[in-house]
Amino acid sequence: MSRYESCLVLNAGSSSLKFSVLRRVEATDDLQQVLSGQIAGIGTDATFEAKDANRRVVAERRWNAEDSQRRGALLEYLLAWLGQALPEDRIVAAGHRVVHGGRAFSRPVRVTPAVLSALEALVPLAPLHQPHNLAPMRALAASHPDLPQIACFDTAFHADLPWVASSYALPQELADEGVQRYGFHGLSYEYVSQHLAALRPELANQRIVICHLGNGSSLAAVHAGRGVDTTMGFTALDGVPMGTRCGAIDPGVLLYLMREKGMGAAELEDLLYRRSGLLGVSGLSNDMRALQESSDPAAQRAVELFCFRVAKEVAALAGSMGGIDALVFTAGIGENSPGVRAAVCERLRWMGVAIDDYANSRRALEISADDSILPVFVLPTNEEKMIALHTLAVLAAGAPHGREADEGLTCSTARTPATC
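Residues numbered from 1 in each chain as written. Predicted model: local features only at pLDDT ≥ 70, side-chain atom pairs only at ≥ 80, totals over all residues. Heavy atoms only, no water.

*Asks:* Hey, could you go over the pattern of salt bridges for me, with residue numbers and the actual values?
*Replies:* Any two side chains of opposite charge can pair, given that their charged atoms come close. The full count for this structure, using the stated rule, is 18 salt bridges. A salt bridge links R70 to E66, with the nearest nitrogen and oxygen atoms 2.9 Å apart. Looking at E66, the relative accessible area reads 53%, which means it is exposed. Between R349 and E346 there is a salt bridge whose closest N-O contact spans 3.4 Å. The exposure class assigned to R349 is partly exposed, which follows from its relative accessible area of 49%. Residue classification places E346 among the partly exposed positions, given a relative accessible area of 47%. Within the structure, one salt-bridge network assembled from shared partners comprises E66, D67 and R70. (Salt bridge = Lys/Arg side-chain N within 4 Å of Asp/Glu carboxyl O. Buried < 20%, exposed > 50% of the residue type's maximum accessible area, 1.4 Å probe, protein only.)

The structure is reproduced here in structure tokens:
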């Protein structure tokens, strides 16, 4: 008989399947991660690695090129391995990270055939992410039909942005078709804002700018726990430069590249998503650590540009809220790069930001100096825990959440993504 009820969290990408298992702690409502890892190199040379709660590697495996193509079989291997590794646990549900929920999905929702069809209709809004997010849902529905699955959306946190923050200055008919600013990294912002409020209750109703800085980067303005503005827009290309993505760019540049360089949609997509950002500016790497360790002037320029743009967006988001009461760094770069934090904060000195170098170097919770007008925090994000919490909440409620539950969505790709 199973001793624990646990939640499986899946985050599927084009060539990877990241997973976590979170177990509810006895006598509390908290969740503890007991296993995590990923299957990487799917489609080419797949490898499996799992770590326990102390980040120690507990299992590894490699597949040949032929077997690496079999995504369904790789997922089944993971599920079988989890059954052996956690004999006292019963997986009660699987929670999935889904990049795009469009307008219809503003809350986590139980996966049904109608929901899957609706999410498929949103693929044009996130063609590099959405299909891979949905693939394990379909596989699990076929192989484990009795396992509840919950979809959790990166866009949901931003669903109630003020219309001035979610709108483009385009003809209304395009807005009606769903051409608007959606925002992403919402699961991270939700977790960090809630965690900060728990640690510093006096900030629960205040104006916070959260910098989610990683290979994919964005910032968000959060007031009293609700999204007010964010840097990403219709897609995850907008905002600050990222590892390989350009960030905000004059649309005229794209027209120039189409007219003068003869670039089509596929070439532009490759340029903007895969060959720009830190990699494009430096010509060396998309890895912030490698760039900071390099003496190459191009690497230094890439880092400087990144920090300049982040600081600029902090100021802009403060303007969206009419002020700012705290600044938070999170995600891979935000949590692990004292140099980036210091450079961004130095550019914000005019706002009264000052950091303590020792606290910053040690990645303390609060890194602001005693004389800083604005408190500055470093908070690790935990999107997996946020997904698990949502998953178990939907499971406990016993029904889908949101408009899709009330209306019984049935979508096809023939309909506009905005209405699905």
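*Asks:* Break down the sheet that holds strand β9 (residues 207–212) for me, citing the residues and quoting the values.
*Replies:* The mixed open sheet is built from five strands, whose spatial order is β11-β10-β9-β12-β13. Strands with a single pairing partner mark the edges of an open sheet, and in this sheet they are β11 (226–230) and β13 (376–378). Between one strand and the next, the sheet's axes are offset by a mean angle of 25°, whatever the strand orientation. Looking at chain direction, β9 and strand β10 (residues 218–223) are connected through six bridges and run antiparallel. By the bridge assignment, V209 is partnered in β10 with A221. (Pairing = 2+ DSSP bridges. Helix = DSSP H or I, 4+ residues; strand = E, 2+ residues; numbered from the N terminus. Axes fitted to C-alpha atoms, helices over the stretch in contact; angles between N-to-C directions.)

*Asks:* Talk me through the sheet that holds strand β8 (residues 149–153); I want residue IDs and the actual numbers.
*Replies:* Here we have eight strands laid out as an open sheet, ordered β5-β4-β3-β2-β1-β6-β8-β7, and mixed in their pairing. What marks the edges here is a single partner per strand, and that holds for β5 (57–62) and β7 (109–110). Across seven bridges, the pairing between strand β1 (residues 4–12) and strand β2 (residues 17–24) is antiparallel. Within β2, the residue paired with S6 across the bridge is R23.

*Asks:* Which residues make up the pairing of strand β3 (residues 31–40), and what values do they have?
*Replies:* As defined by bridge partners, β2 adjoins β3 across eight bridges and the pair is classed as antiparallel. Residue pairing in the sheet places K18 in a bridge with Q38 of β3. Across six bridges, the pairing between β3 and strand β4 (residues 47–52) is antiparallel. Looking across to β4, one finds that Q38 is bridged to E49. Between β3 and β4, which pair antiparallel one after the other, the connecting turn spans six residues, and G41 there sits at a positive phi close to 70°.

*Asks:* Break down the packing of helix α6 (residues 186–199) against helix α15 (residues 383–397) for me, with residues and values.
*Replies:* Taken N-terminus to C-terminus, the directions of α6 and α15 make an angle of 90°; their axes are 8 Å apart at the nearest point. Considering the angle they form, α6 stands roughly perpendicular to α15. Counted together, L187, S188, E190, Y191 and Q194 of α6 and E383, K385, M386, I387 and H390 of α15 form the full contact between these two elements. Of the residues belonging to the contact of α6 with α15, the class tally is four nonpolar, three polar and three charged. (Parallel < 35°, antiparallel > 145°, perpendicular 65-115°, else oblique. Contact = heavy atoms within 4.5 Å. Nonpolar A, V, L, I, M, F, W, Y, C, P; charged D, E, K, R; others polar.)

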